[in-house]
There are 2 protein chains.
Amino acid sequence: MNSLEDVLDFVHHGRGRYVPHVSLDSVIIGYHDQQLKILLLKWKGFEGWGLPGGFVLRHEPIGEAAHRILHERTGLEDLFLQQFHVFGDSPYRLEERDTAFFARFGLEVEPGNWLLERTLSVGYFALVDYSQVSVRTDFFTEDYQWWDVAEIPELLFDHNEVVEKALDTLRLQLFHQPIGSSLLPEKFTLPEIHSLYETILGRKLDSRNFAKKLVALGLIRKLDEQRLIGPHRSPFLYQFEKEAYEKALKLGVVQTY
Amino acid sequence: MNSLEDVLDFVHHGRGRYVPHVSLDSVIIGYHDQQLKILLLKWKGFEGWGLPGGFVLRHEPIGEAAHRILHERTGLEDLFLQQFHVFGDSPYRLEERDTAFFARFGLEVEPGNWLLERTLSVGYFALVDYSQVSVRTDFFTEDYQWWDVAEIPELLFDHNEVVEKALDTLRLQLFHQPIGSSLLPEKFTLPEIHSLYETILGRKLDSRNFAKKLVALGLIRKLDEQRLIGPHRSPFLYQFEKEAYEKALKLGVVQTY
């Protein structure tokens, strides 16, 4: 949504096209060079930063809505997006929005407008290599930035709670899902996956045990292939065994690090 | 909601009191004597069975709504209810309900009524000892039954999907949460917790390793107390260390069985 015309149409005729009372918020988690970051947008007329979000079309599956919204708000496509929680308990989520909110964008919203109604938010998260993406802003936003997870500022609305919950979920999922597969090259070295896991968990892992366990559990597989880094450095390459993860998940067997 | 008067008021004046487009569904998982069961309600006018559910009040936190609905529909109170997923992708969740649905209850619902609108559902699950509870039916339901998880029939709407997802979530949570604490006595024997975990996971666990690991990880603690079963049987008692679970969760350390 970039033009004022589109935005006015959305505000005044959106009720028939979108599901009122339900919004989606996306936590886009980026990893590169042992750094973990979150994509935040700077909203026009507000001091603070917030998450990309949007609404579900009347007959649209919410999973599809999550992809569409992310694409519209940031230009990102084909991400693995995962639903993780519905936010409907914080004070911000219990009341109607007021007209002052929209006045900041120069929009006049009449009482009774669908955008003023109480809105529950469904959180989705995605993982990307942030060095590979460029984000575009829209009518509501004037800037974006990848923020280090240790330095997330005070966010708009209940978005700090949303980010925290997304990171907690991600850390748990490391034990059940081949999380790294969207962040590492298809064939990776043990130091690469080791760094990724340490960065996401925010703590040191015992190097030898960590790798041995992943291999022993059949979750990653050593390839008969090495990467040539230098005359004396050619580490073996590994790849994820996605089927082994699925099987382990069904059996309720998880790994510890 | 038991009287026709209450129900008519809900149908015709509910839009102002409830959040439209969002419902809650509860999967009540019961455990007793090494059996795992799900509470299903028999809806009047329908062949099939379904889950207890309801709507969120206009300014009510959704967590509170989950408890209120469960109490209204079943008489159950003070359960540990946990949100696990939003259902909004299946064909049933994409379209409006039709008037024929309500006609089965002898209710005439006018076109445009809030109950006919597309509704996303937030799933909650709870764990109870089913031998300890008695359930009451309401205007919409004529019977209830605890169904063995291996024998769940074809359910109304998308409720089979909701039950499956709840059970998957529960099985994963065994590794992160003191799940058993609402199902076992405060002080329990190792065979008791062993049976509970085997029943939930639906598979045999290695007896000695399982118990040893829980103790080694500090998640359960051996008490200086025994239960007197007979002259030659007085097993030691254990209890959950809830703080150790919370700490392990934060660190991203989980146990395997």
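Residues numbered from 1 in each chain as written. Chains lettered and ligands numbered in written order. Predicted model: local features only at pLDDT ≥ 70, side-chain atom pairs only at ≥ 80, totals over all residues. Heavy atoms only, no water.

- With an unreviewed UniProt entry as reference, chain A is termed ADP-ribose pyrophosphatase YjhB, NUDIX family, source organism Siphonobacter aquaeclarae.

## A look at the environment of Lys-212 of chain A
Stage number 1. Relative to the assigned elements, Lys-212 of chain A resides in helix α6 (residues 207–216).
Stage number 2. On a C-alpha basis, the gap between Lys-212 of chain A and Asn-160 of chain A in space is 36 Å, while along the polypeptide they are 52 residues apart. (Helix = DSSP H or I, 4+ residues; strand = E, 2+ residues; numbered from the N terminus.)

## Here we look at the packing of helix α6 (residues 190–201) of chain B against helix α7 (residues 207–216) of chain B
Residue and element names in this part refer to chain B.
Stage number 1. At a closest axis distance of 11 Å, the pairing of α6 and α7 adopts a crossing angle of 105°. Judged by the angle between their axes, α6 and α7 are roughly perpendicular. The residues of α7 that touch α6, namely those facing Leu-190, Ile-193, His-194 and Tyr-197, are Ser-207, Phe-210, Ala-211 and Leu-214. (Axes fitted to C-alpha atoms, helices over the stretch in contact; angles between N-to-C directions. Parallel < 35°, antiparallel > 145°, perpendicular 65-115°, else oblique. Contact = heavy atoms within 4.5 Å.)

## Details of the domain arrangement of chain A
All names here are of chain A.
Stage number 1. One can read the domain layout of chain A as domain 1 (4–173) and domain 2 (179–251).
Stage number 2. Here domain 1 and domain 2 have C-alpha centroids that lie 32 Å from each other.
Stage number 3. The interface is formed by 10 residues belonging to domain 1 together with 9 residues belonging to domain 2.
Stage number 4. Counting the surface lost from both domain 1 and domain 2, the interface buries some 960 Å², and carbon and sulfur atoms represent 71% of this.
Stage number 5. Ranking the residues of domain 1 by area buried against domain 2 places Tyr-31, Leu-127 and Arg-171 at the top, with a combined share of 55%.
Stage number 6. Residue assignment for the side of domain 1 that touches domain 2 shows that the elements contributing at least two residues are β2 (35–43), β6 (120–128) and α4 (159–173).
Stage number 7. Looking at the side of domain 1 that touches domain 2, the element that brings in the most residues is α4, giving 3 residues.
Stage number 8. Residue composition of the side of domain 1 that touches domain 2, by class: 5 nonpolar, 3 polar and 2 charged. (Domains from an automatic or database assignment. Buried area = accessible area lost by both parts, 1.4 Å probe. Nonpolar A, V, L, I, M, F, W, Y, C, P; charged D, E, K, R; others polar.)

## Focus on the pattern of salt bridges
All names here are of chain B.
Stage number 1. Summed over the entire model, instances satisfying the criterion amount to 24 salt bridges over all chains.
Stage number 2. For the salt bridge of Arg-93 with Asp-158, the shortest nitrogen-to-oxygen distance reads 2.9 Å. On the criterion of sequence distance, the pair formed by Arg-93 in helix α3 (residues 91–94) and Asp-158 in the loop between β7 (141–148) and α5 (159–173) is long-range, its members being 65 residues apart. No difference in accessibility class separates Arg-93 from Asp-158, as the two residues are buried. (Salt bridge = Lys/Arg side-chain N within 4 Å of Asp/Glu carboxyl O. Buried < 20%, exposed > 50% of the residue type's maximum accessible area, 1.4 Å probe, protein only.)

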